[in-house]
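Below, each chain spelled out in residue letters.
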Amino acid sequence: MEDIMNRVEDRLRKKHAVYKNLVEILEKESEILKSADPGELWRMSALKHDAAKKIEILRKEILGDLDTIAPEHGMIPGRFSSGKIVEFVSKEAADRIAPLCLDIEKLKKAVFDLSVTNVKFTEEYLQVIEQLVAVFADAASGSQGYRPSSNSANLSGAIFRARV
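My aim in this report is to walk through the structure given alongside it, one point at a time. (Residues numbered from 1 in each chain as written. Predicted model: local features only at pLDDT ≥ 70, side-chain atom pairs only at ≥ 80, totals over all residues. Heavy atoms only, no water.)

### A closer look at the packing of helix 1 (residues 2-35) against helix 3 (residues 91-140)
If you want to describe how two helices pack, look at the angle between their axes and the distance between the axes.
No. 1: Contact pair helix 1 / helix 3: the axes reach a minimum separation of 9 Å and the direction vectors enclose 20°. Here helix 1 is positioned roughly parallel relative to helix 3, judged by the angle of their axes. In the crossing of helix 1 with helix 3, the sense of the turn from one axis to the other is left-handed.
No. 2: In terms of residue class, the contact of helix 1 with helix 3 is built from 17 nonpolar, six polar and 11 charged. (Axes fitted to C-alpha atoms, helices over the stretch in contact; angles between N-to-C directions. Helix = DSSP H or I, 4+ residues; strand = E, 2+ residues; numbered from the N terminus. Parallel < 35°, antiparallel > 145°, perpendicular 65-115°, else oblique. Left-handed = near helix turned anticlockwise from the far one by under 90°. Nonpolar A, V, L, I, M, F, W, Y, C, P; charged D, E, K, R; others polar.)

What follows is the structure, given as structure tokens:
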């Protein structure tokens, strides 16, 4: 039983490291989005994909260990919670892994927050591009400035919100 708990703890530490790495990847992605480097964006996308695969593998391995320790745990890969593990292990084991599980939950929140920020930035950046295209289209058609009915008028201010 102790061997299995040591494996669970080791896997949680690996999971923690992967989430920490994922936070770093998302922070780097944020910088890359600002520099608009498509090659680096593809690289970050691949790193995020690899991290997600590692997390999924660790999740399945931990669930396999829990099946042995506490078959009544009721968790499945899609509804897995690191924090819930402490409910199914001895008090000694729970005391050891609870801080780690709490850190994992904090990192998961950081990953979510960074993802939302990056998506929001990307959407604003695309609005800027759309606004610039509309301005160029207006210039090519002989129109000068913004027309109230044009897309560029609806997007005014987007270029100033985006950090380009």
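There's more to say after this.
### Notes on the nonpolar core
No. 1: Counting 31 residues, the largest nonpolar core has Val8, Leu12 and Ile85 as the members making the most contacts within it.
No. 2: Listing elements by their share of this core, those giving two or more residues are helix 1, helix 2 (38-69) and helix 3.
No. 3: Sequence-distant contacts of Ile85, defined by excluding residues within four places in its chain, comprise Val8, Leu12, Ile62, Leu66, Met75, Phe80 and Ile97. (Core = buried A, V, L, I, M, F, W, Y, C linked by side-chain atoms within 4.5 Å. Buried < 20%, exposed > 50% of the residue type's maximum accessible area, 1.4 Å probe, protein only. Contact = heavy atoms within 4.5 Å.)

### Overview of the packing of helix 1 against helix 2
No. 1: Relative to each other, helix 1 and helix 2 sit at 160°, their axes nearing to 9 Å. Classified by the angle between their axes, helix 1 and helix 2 sit roughly antiparallel to one another. Regarding helix 1 and helix 2, the two cross each other, and that crossing is left-handed.
No. 2: For the contact of helix 1 with helix 2, a count of residues per class yields 19 nonpolar, one polar and 13 charged.

### Considering the pattern of salt bridges
No. 1: All chains considered together, the criterion is met by 15 salt bridges.
No. 2: Among the salt bridges present, the one from Glu29 reaches Lys48, with a minimum N-O distance of 2.7 Å. With a gap of 19 residues between them, Glu29 in helix 1 and Lys48 in helix 2 connect regions that are remote in the sequence.
No. 3: Note that Asp95 and Lys91 form a salt bridge whose closest N and O atoms lie 3.3 Å from each other. Taken together, the positions of Asp95 and Lys91, both in helix 3 and four residues apart, correspond to about one turn of that helix. (Salt bridge = Lys/Arg side-chain N within 4 Å of Asp/Glu carboxyl O.)

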